[in-house]
Amino acid sequence: MNLVFIGHVDAGKSTIGGQILFLTGSVDERLIQKYEREAKEKNRDSWYMAYIMDTNEEERAKGKTVEVGRAHFETAKKRYTILDAPGHKNYVPNMIAGAAQADVGVLVISSRKGEFETGFERGGQTREHAQLAKTLGVSKLVVVVNKMDDPSVLWAQARFEEVETKLSPFLKQCGYNVKRDVTFLPISGLMGHGMKDRLPEGMAPWYSGPALFECLDALEPQDRSPDAPFRMPLIDKYKEDGKVIVMGKTEAGMVRRGDSLLVMPNRTLVKVSGIFRDADEIAAARPGENIRLRLTGVEEEEVSAGFVLCSALHPVPVVVEFDALLSVLELLEHKSIFTAGYKAVLHIHTATEECEVTMLHYQLDPKTKLPIKKKCLFLKSGSIALVRIQLAGTLCLERFKDYPQLGRFTLRDEGRTIAIGKVEKPRGQPKVGEAGAK
Ligand code: GTP
Ligand code: MG
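To keep things clear, this report deals only with the structure shown in the data block. (Residues numbered from 1 in each chain as written. Chains lettered and ligands numbered in written order. Predicted model: local features only at pLDDT ≥ 70, side-chain atom pairs only at ≥ 80, totals over all residues. Heavy atoms only, no water.)

1. Focus on the site of ligand 1
Okay, so step 1: Lining the immediate surroundings of ligand 1 are 21 residues, of which K13, T15, S46, T65 and D149 lie closest.
Okay, so step 2: In this structure, W47 approaches ligand 1 through a side-chain N or O atom, which is 3.1 Å from an oxygen atom.
Okay, so step 3: Within the contact set of ligand 1, an oxygen atom lies 2.7 Å away from a side-chain nitrogen or oxygen of T65.
Okay, so step 4: Bound to the protein, ligand 1 loses 96% of the 650 Å² it would expose on its own.
Okay, so step 5: In terms of residue count, helix α1 (residues 13-23) provides more of the shell around ligand 1 than any other element does, three residues in total.
Okay, so step 6: Looking at the shell around ligand 1 residue by residue, the classes come out as six nonpolar, ten polar and five charged. (Near = heavy atom within 4 Å. Polar contact = N/O pair within 3.5 Å; in protein donor to acceptor, adjacent residues only side chain to side chain. Areas by Shrake-Rupley, 256 points an atom, 1.4 Å probe, with all protein chains shown as cover. Helix = DSSP H or I, 4+ residues; strand = E, 2+ residues; numbered from the N terminus. Nonpolar A, V, L, I, M, F, W, Y, C, P; charged D, E, K, R; others polar.)

Shown next, in the form of structure tokens:
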């Protein structure tokens, strides 16, 4: 199961990731002591647990994750991959790439006085990450209310309930089914409480629910059909021993060693000569797995992040334009009216492209979701509309209905997420040989 740790800057994501690795025996006591000394030298005493996940100098010096950290752990029941996303608003694109690989989101909230409030403000990343994760296909959330040990909290029931009461309506608004798909847990990532084992007796007598591991083990893996045509958006590529290796998550269908597939939008026919999961070579991968594939028949320069590896018989549509159902979130203060001609950056699966909303077809009533029979000239925060989006280049995407993970997107402008959407109808599919097909 692929977990992405999301949430506002300094909520404790990397600390929790580090603590999990410590609790599952992937990091030993001596290394922790070394990090304690290193963190002290940088006047970041409490940051030693985060150092397990934050491995580069910049991250350690500033105490902020930049690149999505990756780690693995196992419980008696399941094998997990942790994707530790950065919380800082400048690195939202990295967070998006991380969330695109995940099935379950661990939304980390700091319960410390003032910190929950800042993260949950307009423009705070608690909001933005929760919205983005949902759009990117993360349908289940474990909300860990962290730093419960902090002197401003001291495991107070009232604080935990305040976070739950304030967040729940917002998560519902993002599209999560809060009763079915969201769980709230009190923990201390720094102390390791409420994670591997249930809370020690007397720490929070008001909470009798599961610990984090228990809660994760109980989640059902997402139901994906292994019979669907294969789809794998590429996250990255590199060369090893002269061979091209691509990385990504299989979103639909199976892949087996020896398969012939297409790299889209270029239509390059490739052969899968090796499949790797973590350190192991495997013969086949099911949908929903993070894997690496060794390809023959393609040069490294011919593949990019955002391309899609797919079934040669049923390739993914390549488009320059599409119609979409758009939900406008909070617009920028100085652009509070959204009209045709609005330019933004589109993020869909692992691809990013500049785009323009060229037509507002009609608006839908946000409550009833029924079309409003009136000419639509502009949209405001909270509006829902069917629109046409034109891309600056070509992109591989699918109807949301057919492949949700390849059919939902976000629009960002000036570093803020302003809208989320679902692809209704791909348009302007260029034919082979036409401009735009390459
Ligand atoms: P970014 O990667 O920058 O988004 O931050 P992050 O969410 O990864 O937070 P990080 O783990 O770097 O922790 C930020 C600060 O919060 C550090 O000083 C941690 O020691 C502190 N912290 C994290 N978890 C806890 C906790 O459970 N209790 C207390 N008291 N402090 C915590
Ligand atoms: Mg971090």
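And the narrative resumes.
2. Focus on the coordination of the magnesium ion (ligand 2)
Okay, so step 1: Only S14 (OG) and T65 (OG1) from the protein reach the magnesium ion (ligand 2) as donors, at distances of 2.0 to 2.1 Å. Pair noted here: S14 is in helix α1 and T65 is in the loop between α3 (57-62) and β2 (69-74), with a separation of 51 residues, a long-range link.
Okay, so step 2: Taking relative accessible area as the criterion, T65 reaches 8% and is therefore assigned buried. (Donors = N, O, S within 2.8 Å, 3.2 Å for Na, K, Ca; no water. Buried < 20%, exposed > 50% of the residue type's maximum accessible area, 1.4 Å probe, protein only.)

3. Some thoughts on the packing of aromatic side chains
Okay, so step 1: Overall, the coordinates contain ten aromatic pairs when judged by the stated rule.
Okay, so step 2: Each ring, one from Y35 and one from Y51, has its centre 6.2 Å from the other, and the planes form 70°; the classification is edge-to-face. Here Y35, found in helix α2 (residues 29-41), pairs with Y51, found in the loop between α2 and α3; they are 16 residues apart in sequence, far enough to count as distant.
Okay, so step 3: A residue is classified by how much of its surface remains accessible, and Y35, at 9% relative accessible area, is buried.
Okay, so step 4: Accessibility expressed as a relative area gives 1% for Y51, which makes it buried.
Okay, so step 5: Through a chain of ring-to-ring contacts, the aromatic side chains of F73, Y80 and F213 assemble into a single cluster.
Okay, so step 6: One residue, R127, lies across the ring of F120, its end atom 4.4 Å from the ring centre.
Okay, so step 7: The positively charged end of K134 is found above the aromatic ring belonging to Y176, 5.3 Å away from the centroid. (Phe/Tyr/Trp six-rings, centres within 6.5 Å; stacked < 30°, edge-to-face > 60°. Lys NZ or Arg CZ within 6 Å of the ring centre and 35° of its normal.)

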